[in-house]
Amino acid sequence: MHDSADEPRALLQAQSLCFARNDEAIFGPLDFSLHGGETVLIEGDNGSGKTTLLKVLSGLLEPTSGKVLLHGAPLTLAKLSHQVALLGHLPGLKLELSALENLRFATGLGGIRPGITPHLVLASVGLEGFEDTPLRTLSAGQRKRVALARLLLVPAALWLLDEPYANLDRGGIDLVNRLLDNHAHRGGAALITSHGAYAFTSGTPRRIALHVPPPAQRGEVPEERRGAEA
Amino acid sequence: MNSFVLFFHKLGSPPYFYRFAGKWLPWLYAIALVAAAIGFYGALFTAPADYQQGDSFRIMYVHVPCAWMGLFAYLFMAANGFIALVWRIKLSETLAMASAPIGAAFTFITLVTGSLWGKPTWGTWWTWDARLTSELVLLFLYFGVIGLYHAIEDRRQAARAAAFLALIGIVNLPIVHYSVIWWNTLHQGQTVNLIGPSKIAPSMLWPLLTLAFATHVYFFASVFARTRVALLELESGKDWVRALLPATQASHD
Amino acid sequence: MKPGTTSAACAAVLRRDLMLVWRRRGDALNPLLFAIIVVACFPFALGPEAAVLERIAAGTIFVAVLLAMLLTLDALFRSDLEDGSLEQLVVSPHPLALLLGCKIFIHWLTTALPLIIVAPLLAQLLQLPAPVLPVLIIALALATPLLSLIGAVCVALTVGMRRSGMLLTLLVLPLIVPALIFGAGACNAAQNGFAYAAPLLWLAAWLVLSIIIAPLAAAAALKISLS
């Protein structure tokens with residue numbers, strides 16, 4: 001782990017970040033920073049706002065208060081400039097298209113890391129020979145691997161991964177850990193959510209714990225009226 | 001900040017608006033009722049019958065103020081929608097959505113009275129007159145806004161989406177209006193209008209203006225009442241709503 | 001084109017959406033069949049006299065084409081929302097309005113253009129006088145992109161809903177009334193020997209305005225729907 005003192009400018013920084021929906025706090029205030037080479041695990045039960053946090057950090061949602069800084073500059077969608085790759089609950093893949101066609105679309109949208117081709121990344125996630133198979137005929141785990149291949153392809157330094165271990169077998173979990181290690185060695189950073197850190201094996205990652213806010217923080221709404229956020 | 005700006009700033013806070021509207025509501029209803037009574041007396045008893053249309057023109061005293069209000073309510077809704085989208089003020093969202101059904105009702109009354117007037121005048125319940133057609137499209141726009149607002153689960157997101165639709169409608173409304181006028185002239189529609197360009201006698205005019213005033217005041221009374229209820233629902237978890245509760249509970253016990 | 005540039009992103013969206021339509025090209029025929037069947041219903045209802053059909057031909061074709069397009073609008077962003085592609089589009093560093101503009105263009109290209117191509121057939125079914133046909137084609141070419149653009153804004157507002165078909169019709173139709181008036185009006189004017197340029201120019205002006213504003217509005221509406 002890097003000490004935050006020797007790197008003046010964090011890759012990602014959250015400053016008293018809050019998100020509320022209809023005056024009910026979903027999470028926050030949060031303060032943390034993420035430097036190159038770091039992998040941080042966001043832990044929390046269902047309803048603690050992990051997915052919402054990733055959406056705020058990626059710019060999909062605007063924070064209610066507080067700031068997200070990317071390389072010290074405020075995050076706006078226009079300034080993302082290939083810095084961030086998001087892997088959400090939904091893979092963002094088209095089932096009618098082949099793995100290769102899906103990856104080509106991703107490079108068109110997000111650019112491509114120098115010296116890498118779609119064929120290479122598909123091989124490195126164990127999908128050699130499936131390049132031209134429509135995704136519809138692949139299993140859920142294989143589709144997840146295609147989504148992971150997209151992360152390797154685009155030049156984003158910051159990965160935001162929502163439940164990357166879901167739907168994966170033991171080999172797949174090892175693959176995610178290997179990808180995260182490699183990404184950290186290249187100087188990239190990753191923020192991953194999980195409702196149990198059982199799968200995370202390499203070293204001891206830094207953790208950010210999110211809790212389901214007590215009723216008092218949710219605009220004093222009685223327990224039974226609280227909408228649980230999946 | 002001068003006191004006027006400060007007043008609006010304070011008005012934007014739901015509890016303040018709730019009390020402010022509550023204070024004004026009885027007065028607004030009273031003023032609207034009195035003005036309507038005076039206006040209707042003038043419209044039905046003192047104004048002379050029209051030399052062409054006879055007594056049937058008197059429906060104009062309902063039709064015209066309602067037509068004005070249908071448009072006014074839309075402008076009010078769109079203006080509040082704009083404020084809600086740009087500055088994310090909760091009160092404006094609520095005001096915009098509260099005025100939609102009222103505006104739709106006024107537009108509906110306009111259409112009904114228009115067709116009631118059309119029967120003795122044109123001999124038919126409905127005619128594709130340019131103004132009536134524009135009113136019909138306006139009613140559809142209202143239905144779209146109301147439908148969208150009720151189709152989305154999250155109340156605030158629903159209000160923002162519906163406000164956005166209202167703004168698109170505002171951009172489109174002039175195009176609709178002029179296209180309908182062009183279409184009407186192309187098809188040689190009826191040329192007799194409910195309020196013609198002809199001069200209107202003062203004894204006929206003052207009841208119209210009084211009734212227009214009454215409908216405006218009623219509109220605000222109605223918007224205030226609806227907004228108060230909507231705010232209570234939106235802010236049901238807040239302290240200021242809680243503070244209101246014991247008093248009402250005590251009176252029920 | 002360098003990968004990662006905005007033009008590359010637009011090209012990627014265009015290519016992918018075209019490819020998706022091609023993979024499901026059977027579905028792409030549905031609006032065509034729908035429009036033909038609707039138009040074919042009118043002679044059954046009104047009788048086959050050429051004089052009657054001739055009078056309603058242009059208007060009927062216009063309504064049929066608009067309804068056929070309206071049925072396809074619902075799906076414009078739906079699959080992208082359901083599989084998460086929409087999130088990827090929003091998160092991408094390129095202007096969302098531009099990417100949505102590409103999607104809208106493909107929608108027009110794959111639903112409206114085939115309808116315009118079969119318009120002569122529809123016109124023949126309803127005995128539209130031959131000299132009016134070019135006016136009808138031009139009017140459709142101007143009015144259908146308007147429907148794609150204005151429809152896209154409304155779809156963006158309803159995208160999160162499970163069943164939005166009926167509501168979408170309610171939102172789009174009042175906004176599209178002028179397209180119907182000007183488009184069918186131009187045809188009727190041409191048929192009756194009047195000047196027909198003015199309504200077409202109105203349509204063109206409105207189209208230019210919409211091409212600029214609608215993608216921006218769709219992007220803003222989408223942000224509201226995704227929040």
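Cut-offs applied
Residues numbered from 1 in each chain as written. Chains lettered and ligands numbered in written order. Predicted model: local features only at pLDDT ≥ 70, side-chain atom pairs only at ≥ 80, totals over all residues. Helix = DSSP H or I, 4+ residues; strand = E, 2+ residues; numbered from the N terminus. Rg over C-alpha atoms; globule rule 2.2 N^0.38 Å. Contact = placed C-beta atoms within 7 Å. Core = buried A, V, L, I, M, F, W, Y, C linked by C-beta atoms within 7 Å. Buried ≥ 20, exposed ≤ 12 C-beta atoms within 10 Å, placed from the backbone. Nonpolar A, V, L, I, M, F, W, Y, C, P; charged D, E, K, R; others polar. Axes fitted to C-alpha atoms, helices over the stretch in contact; angles between N-to-C directions. Parallel < 35°, antiparallel > 145°, perpendicular 65-115°, else oblique. Left-handed = near helix turned anticlockwise from the far one by under 90°. Pairing = 2+ DSSP bridges. pLDDT = per-residue confidence, 0-100.

Draft legend 1. Structural view of the overall build of chain C. Counting secondary structure elements, chain C contains 10 helices and 0 strands. Taken from N to C terminus, the helices and strands of chain C fall in the order α-α-α-α-α-α-α-α-α-α. Taken over C-alpha atoms, the radius of gyration comes to 18 Å for chain C, in line with the 17 Å a tight globule of 227 residues would show. Nonlocal contacts in chain C, meaning residues at least 24 apart in sequence, comprise 80% of its contacts between residues at least 6 apart.

Draft legend 2. Spatial organisation of the nonpolar core. Formed by 210 residues in total, the largest nonpolar core has its most connected members in B:Leu148, C:Ile61, C:Leu136 and C:Val153. Residues in contact with B:Leu148, not counting those within four places in the same chain, are B:Ala161, B:Ala162, B:Leu165, C:Leu157, C:Thr158, C:Leu167 and C:Leu171.

Draft legend 3. Spatial organisation of the environment of B:Asp55. Assignment of secondary structure puts B:Asp55 in the loop between α2 (14-46) and α3 (60-87). Separated by 32 residues in the primary sequence, B:Asp55 and B:Lys23 have C-alpha atoms spaced 40 Å apart.

Draft legend 4. A look at the interface of chain A and chain C. Contacts between chain A and chain C engage 25 residues on the former and 22 residues on the latter. Mapped by element, the contributors of at least two residues to the side of chain A that touches chain C are β6 (84-87) and α2 (99-110) of chain A. Considering every element that reaches the side of chain A that touches chain C, the biggest residue donor is α2(A), with 6 residues. The class makeup of the residues in the side of chain A that touches chain C is 12 nonpolar, 10 polar and 3 charged.

Draft legend 5. Quick look at the packing of α3(B) against helix α4 (residues 90-122) of chain B. Residues and elements named next belong to chain B. For the pair α3 and α4, interaxial distance at closest approach is 7 Å and the crossing angle is 160°. It follows that α3 is roughly antiparallel to α4 by the angle criterion. As for the relative orientation of α3 and α4, their crossing is left-handed in sense. Taken together, the residues that form the contact of α3 with α4 break down as 17 nonpolar, 11 polar and 1 charged.

Draft legend 6. Inspection of the packing of helix α7 (residues 96-125) of chain C against helix α10 (residues 197-226) of chain C at higher detail. All names here are of chain C. Where α7 meets α10, the closest approach of the two axes is 8 Å, and the angle between their N-to-C directions is 110°. One finds that α7 runs roughly perpendicular with respect to α10. Between α7 and α10 lies a crossing whose hand is right-handed. Here Leu-96, Ala-97, Leu-98, Leu-100, Gly-101 and Ile-104 of α7 come into contact with α10, specifically with Pro-215, Leu-216, Ala-218 and Ala-219. Residues belonging to the contact of α7 with α10 are distributed by class as follows: 9 nonpolar, 1 polar and no charged.

Draft legend 7. Geometry of the sheet that holds strand β5 (residues 73-74) of chain A. All names here are of chain A. If you trace the 4 strands from one edge of the open sheet to the other, you get β2-β1-β4-β5, paired in antiparallel fashion. At either margin of the open sheet sits one strand with a lone partner, and together these are β2 (24-34) and β5. Of the pairings in the sheet, the one linking strand β1 (residues 12-21) to β2 comprises 7 bridges and is antiparallel in character. Within β2, the residue paired with Ala-14 across the bridge is Phe-32. Against the sheet, helix α1 (residues 50-58) makes contact with β1, β2 and β4 (65-70), and its axis sits at roughly 120° relative to β1, the strand it touches most.

Draft legend 8. Spatial organisation of the confidence of the model for chain A. All names here are of chain A. Across chain A, pLDDT averages 79, with 80% of residues at or above 70. Under a pLDDT of 50 for its full length, residues 1-7 has, in the predicted model, 9 contacts with residues more than four places off or in other chains. Below pLDDT 50 for its whole length, residues 216-230 participates in 26 contacts with residues either more than four positions away or in separate chains.

Draft legend 9. Quick look at the interface of chain B and chain C. Contact residues are listed per partner, giving 21 residues for chain B and 22 residues for chain C. When contributions to the side of chain B that touches chain C are tallied by element, the ones reaching two or more residues are α5 (130-151) and α6 (155-186) of chain B. Considering every element that reaches the side of chain B that touches chain C, the biggest residue donor is α6(B), with 13 residues. Residues belonging to the side of chain B that touches chain C are distributed by class as follows: 15 nonpolar, 5 polar and 1 charged.

Draft legend 10. Main features of the environment of A:Glu43. Residues and elements named next belong to chain A. Position of Glu-43 among the secondary structure elements: in strand β3 (residues 39-43). According to the C-beta neighbour criterion, Glu-43 is partly exposed, with 19 such atoms within 10 Å. For the pair formed by Glu-43 and Ser-194, sequence separation is 151 residues and the distance between their alpha carbons is 5.7 Å.

Draft legend 11. Spatial organisation of the environment of C:Leu89. All names here are of chain C. Assignment of secondary structure puts Leu-89 in helix α6 (residues 85-91). Classification of Leu-89 by C-beta neighbours within 10 Å gives buried; the count is 22. Taking the C-alpha atoms as reference, Leu-89 lies 7.4 Å from Leu-99; in sequence the two are 10 residues apart. The residues contacting Leu-89, other than those within four sequence positions of it, are Leu-96 and Leu-99.

Draft legend 12. How the structure looks around the sheet that holds β3(A). Residue and element names in this part refer to chain A. Read from one edge to the other, the open sheet built from 5 strands follows the order β6-β7-β8-β3-β9, with strand pairing classed as parallel. For this open sheet the edge positions go to β6 and β9 (206-209), each flanked by a neighbour on one side alone. Going from strand to strand, the sheet's axes swing by 15° on average, the running direction of each strand aside. Where strand β7 (residues 158-162) lies against strand β8 (residues 189-194), 5 bridges are found, and the strand directions are parallel. Bridge assignment links Leu-160 to a residue of β8, and that residue is Leu-191. Packing of α1 onto the sheet brings it into contact with β3, β6, β7 and β8, and relative to β7 it is tilted by some 155°.

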